[in-house]
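Read off the chains here:
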There are 2 protein chains.
Amino acid sequence: MVKINENYLKLPGSYLFSEVARRIKVYSDAHPDAKITKLSIGDVTRPLVPAVVEAMHQAVTEMGTTEGFHGYGPEQGYDFLRDVIAQYDYRDRGVDIDPEEIFVSDGAKSDCGNIGDIFGVDNVVAVCDPVYPVYVDTNAMAGRAGEYQEELGRWNKLVYMPCVQENGFTPVPPQEKVDIIYLCFPNNPTGAVASRAQLKAWVDYANENGSVILFDSAYEAFITEDDIPHTIFEIEGARTCAIEFRSFSKTAGFTGTRCAYTVVPKELNRDGASLNKLWNRRQCTKFNGVPYVIQRAAAAVYTPEGREQTRANIAYYQKNAQVIREGLSQAGFTVFGGANAPYIWVKAPHNMGSWDFFDLLLDRAHVATTPGVGFGPSGEGYIRLTAFGDAEATAQAVARIQALAHHK
Amino acid sequence: MVKINENYLKLPGSYLFSEVARRIKVYSDAHPDAKITKLSIGDVTRPLVPAVVEAMHQAVTEMGTTEGFHGYGPEQGYDFLRDVIAQYDYRDRGVDIDPEEIFVSDGAKSDCGNIGDIFGVDNVVAVCDPVYPVYVDTNAMAGRAGEYQEELGRWNKLVYMPCVQENGFTPVPPQEKVDIIYLCFPNNPTGAVASRAQLKAWVDYANENGSVILFDSAYEAFITEDDIPHTIFEIEGARTCAIEFRSFSKTAGFTGTRCAYTVVPKELNRDGASLNKLWNRRQCTKFNGVPYVIQRAAAAVYTPEGREQTRANIAYYQKNAQVIREGLSQAGFTVFGGANAPYIWVKAPHNMGSWDFFDLLLDRAHVATTPGVGFGPSGEGYIRLTAFGDAEATAQAVARIQALAHHK
């Protein structure tokens, strides 16, 4: 008789964004005339830029010819893409990353989830609280999280690092020893960033304790301040303790186009094994590469036109972030993030809970948000807004929230 | 200190096709004038058909507009694709599959590897021998295969079902109880097929023992004989014991375009849990869907033009299979497969080993093949040829092998 993976049965309820979508649907069905502005899920809305569209058309045309047809590509990605990533995302920042350390994939969500394959079950995992649910859920599925404690909203084997107003939403390394550490800066969901000194403390901790930092840098393109690191590999010592996840989703609007990459340095060894080789083996065995046309699309992001055009899209979203941040501040809300990140973290007024604030904004301002508590217990009392919407709709949504605040 | 997944260290040598590629490269470097015909890896060579190319161009254009842009799609695939799959691949064969039972993915390799996530570690896994290495390696990574016994070329916890000339390369259910059973028909690497009665015996066995059949049907488009099942779900009782993997790779030349799907029936429960729900949770947590343009490409395979054009490509490869099968038979080789499959399974002459025969054909006929032993111990003494090459090059390769045979 087949035994299932019983860890799956321990997972509580449904995936956060499914529940958000469900509540929006219930509300919309009951109020068909209400025009809901979704500042909830972090999905982009600007179309692919012309340089990317052109490169894809060209690749599609190639695929229709015998000479230009591409079958199986390298599981790790084509050199034409790995080379420009190494050049523009790293070497241009003074960081030396070898193309063989770059593994192109279909998404940072896949990579963040699948990376667990190469680690043993009995590692102690530390996560920020609040946190992107994928880190937690995939570790729960693998048996590293232990049991879910409904009353606490926590797993008993995970180490939670509260990210709260008092520590500027950026945790310091724990006193205890942890093995695997998920960090995400600029942060989802709080929009916080980590300074060079803060990251250095983490790198030192990891090297001292033989830990591995899984650094999610999916939002680096939104950094505006000069001294905030864009990659963990700007920090000395990171090559012996960190793996970095990057994505084209938010940088170039690829949420529906699907391309990302993971960097595993060759110096990163644990238990006497090279993690670069382990990840390579994992990808060669369970993955067959990203579509050729998609890799051509991603490479076009690095052309002069592609860079200029994607930068303009990011500026568009950054402007939205500013409108939300300033608009809600002016309305009297306590607001974090949004300066170097596409996420704005808003404190619910009057000690209201996250879901209550979510329901209030949905009902009274027709704005969909994401409840902070969905990202972990320390997110209770907050909601997350995203800057990825249409500029006009975002401004109107902010105006409706302001009107609501004034009427209370 | 981080503990790695030690099962990875048990994996022997490199992935089969990497070793084949390495030997070809070594030979080519030493003999730069030799023009090698690769009948080794199962990669297609015909370009994408016009209907697919046109659909992709249209989708790319959409993605460049605000109105037509698509961000995150459903993790399970768009309805427009799941609906036509249910219609053309199942309902038209009299098989009722609900679109919600279809999970669109980036490849059957990914799905065959990732499906293990939803099963416990202590299941007994049965595989054919020879076998597509992904089934074995991914179970070894998960700890279900036990220890690798170098001298036997086998893992001590796997149940191997020899597929040999005596049983027509199609095994019967074992006497012992096994939990998870990988079956692939038309078979890679032997090209064998399973009859309705043979599959019925497997379905009955699985239902009686609470086993789950993981049925890889990636090559069903190559079936020419009327009474050979195209899907396990043509067999009564399969909905309570089977998961099926399908791919556009060989059907529509998508090896570099990446689209596949997995069917998990809603009636399939084990340990009191719905495997459809478990797989849905896995995909929602660790996967973010297939690119919109790729799903549009796949949907175009089912249009009248798409069906006609892809059928013509399959006919082209089927002709190659016939040329190889008949040409090698005439030259005195013992040949299997190739009638309902793109793979031809050739017995090495004079009790020669697989790798020796591989080296001989590479050196003397400039034909690259895949050594049968690379697929498992029972593959020793065979090589696999594929029908996916250029027709003229394939015919010339066959002629060179014939000339070699005559000179011996």
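Here, every reference points to the structure presented above.
## Section: the pattern of salt bridges
Residue and element names in this part refer to chain A. Counting across every chain of the model gives 40 salt bridges over all chains. Ionic pairing is found between Glu19 and Arg23, a salt bridge with its closest N-O pair at 3.1 Å. Placement of both Glu19 and Arg23 in helix H2 (residues 16-30) is noted, with a separation of four residues, approximately one turn of the helix. Assessed through its relative accessible area of 17%, Glu19 is described here as buried. Salt bridges linked by common partners bring Glu19, Arg22, Arg23 and Asp359 together as one network.

## Some points on helix H13 (residues 391-407) of chain A
All names here are of chain A. Relative to the 24 Å expected for 17 residues at 1.5 Å per residue, H13 spans 25 Å between its end C-alpha atoms, a close match to the ideal helical length. Thr394, Ala397, Val398, Ile401, Leu404 and Ala405 are the residues of H13 that are buried. The buried residues of H13 all sit within an arc of 115° when viewed along its axis, so they share a single face. What points out from H13, more than 90 degrees from its buried face, is the exposed set Glu392, His406 and His407. For H13, the elements touching its buried residues are strand E1 (37-38), helix H11 (304-330), helix H12 (354-365) and strand E15 (367-368).

## Considering the interface of chain B and chain A
Taken together, the 80 residues of chain B in the interface contact 80 residues of chain A. Summed over both partners, the interface of chain B with chain A comes to about 6,600 Å²; 58% of that surface belongs to carbon and sulfur atoms. Sorting the residues of chain B by area buried against chain A places Val2(B), Tyr72(B) and Arg281(B) first, and these three jointly supply 12% of that buried surface. The salt bridge partner of Lys109(A) is Glu75(B), with a shortest N-O separation of 3.1 Å. Here chain B is connected to chain A by 47 residue pairs in polar contact (both at pLDDT 80 or more). Among the elements of the structure, helix H1 (7-10), helix H3 (50-63), helix H5 (108-114), helix H6 (133-142), helix H9 (275-286) and helix H10 (292-300) of chain B are those that each provide at least two residues to the side of chain B that touches chain A. Looking at which element gives the most residues to the side of chain B that touches chain A, the answer is H9(B), with seven residues. In terms of residue class, the side of chain B that touches chain A is built from 34 nonpolar, 28 polar and 18 charged.

## Topic: the sheet that holds strand E17 (residues 382-386) of chain B
All names here are of chain B. As summarised here, the arrangement of the four strands in space is E13-E14-E17-E16, forming an open sheet in which the pairing is antiparallel. Two strands in the sheet have a free side with no partner beyond their single neighbour: strand E13 (335-337) and strand E16 (370-371). In this sheet, E17 lies alongside strand E14 (residues 343-347) in antiparallel orientation, the contact comprising five bridges. The residue of E17 that forms the bridge with Ile344 is Leu385. Relative to the sheet, helix H11 (residues 304-330) contacts E13, E14 and E17, its axis offset from that of E13 by approximately 155°.

## Observations concerning unusual backbone geometry
With omega at -5°, the peptide bond leading from Phe185(A) into Pro186(A) counts as cis. Relative to the assigned elements, Pro186(A) resides in the loop between strand E7 (180-184) and helix H7 (196-209). The residue after Asn188(A), namely Pro189(A), is reached through a cis peptide bond having omega 20°. Relative to the assigned elements, Pro189(A) resides in the loop between E7 and H7. A positive phi is found at Asp271(A), a non-glycine position, where the angle reads about 60°. Note on placement: Asp271(A) falls in the loop between strand E11 (269-270) and strand E12 (273-274). With relative accessibility at 35%, the residue Asp271(A) sits in the partly exposed group. Positive phi, normally seen in glycine, also occurs at Asn351(B), with a value near 55°. Note that Asn351(B) resides in the loop between E14 and helix H12 (354-365).

## Brief notes about the packing of aromatic side chains
Residues and elements named next belong to chain A. Under the defined criterion, the tally for this structure stands at 48 aromatic pairs over all chains. A ring pair is formed by Phe80 and Tyr292, whose centres lie 6.1 Å apart and whose planes are at 90°; its orientation type is edge-to-face. Here Phe80, found in helix H4 (residues 79-90), pairs with Tyr292, found in helix H10 (residues 292-300); they are 212 residues apart in sequence, far enough to count as distant. Classification of Phe80 as partly exposed rests on a relative accessible area of 22%.

## Some thoughts on the relation of the copies chain B and chain A
Superposing chain B onto chain A takes a rotation of 180° combined with a translation of 0.0 Å along the rotation axis, leaving an RMSD of 0.0 Å. Those values place the two copies in the arrangement expected of a two-fold rotation axis. Minimal C-alpha separation from the rotation axis in chain B is found for His57(B), amounting to 3.0 Å. When you check the interface residues of chain B against chain A, 100% turn up at the interface there too, and the contact is symmetric in its surfaces.

## What to know about the packing of H3(B) against H10(B)
All names here are of chain B. The geometry of H3 relative to H10 is characterised by a closest axis approach of 8 Å and an angle of 150° between their N-to-C directions. Considering their axes alone, H3 and H10 lie roughly antiparallel with respect to each other. Like other packed secondary-structure pairs, H3 and H10 cross with a definite hand, here right-handed. The segment H3 lies against H10, with Ala51, Val52, Ala55, Met56, Ala59, Val60, Glu62 and Met63 engaging Tyr292, Val293, Ile294, Arg296, Ala297 and Ala300. Looking at the contact of H3 with H10 residue by residue, the class counts come to twelve nonpolar, no polar and two charged.

Calculation notes
- Residues numbered from 1 in each chain as written.
- Chains lettered and ligands numbered in written order.
- Predicted model: local features only at pLDDT ≥ 70, side-chain atom pairs only at ≥ 80, totals over all residues.
- Heavy atoms only, no water.
- Salt bridge = Lys/Arg side-chain N within 4 Å of Asp/Glu carboxyl O.
- Helix = DSSP H or I, 4+ residues; strand = E, 2+ residues; numbered from the N terminus.
- Buried < 20%, exposed > 50% of the residue type's maximum accessible area, 1.4 Å probe, protein only.
- Expected span 1.5 Å × (residues − 1).
- Arc of directions from axis to C-beta.
- Contact = heavy atoms within 4.5 Å.
- Buried area = accessible area lost by both parts, 1.4 Å probe.
- Polar contact = N/O pair within 3.5 Å; in protein donor to acceptor, adjacent residues only side chain to side chain.
- Nonpolar A, V, L, I, M, F, W, Y, C, P; charged D, E, K, R; others polar.
- Pairing = 2+ DSSP bridges.
- Axes fitted to C-alpha atoms, helices over the stretch in contact; angles between N-to-C directions.
- Phe/Tyr/Trp six-rings, centres within 6.5 Å; stacked < 30°, edge-to-face > 60°.
- Least-squares fit on C-alpha atoms with pLDDT ≥ 70 in both.
- Parallel < 35°, antiparallel > 145°, perpendicular 65-115°, else oblique.
- Left-handed = near helix turned anticlockwise from the far one by under 90°.

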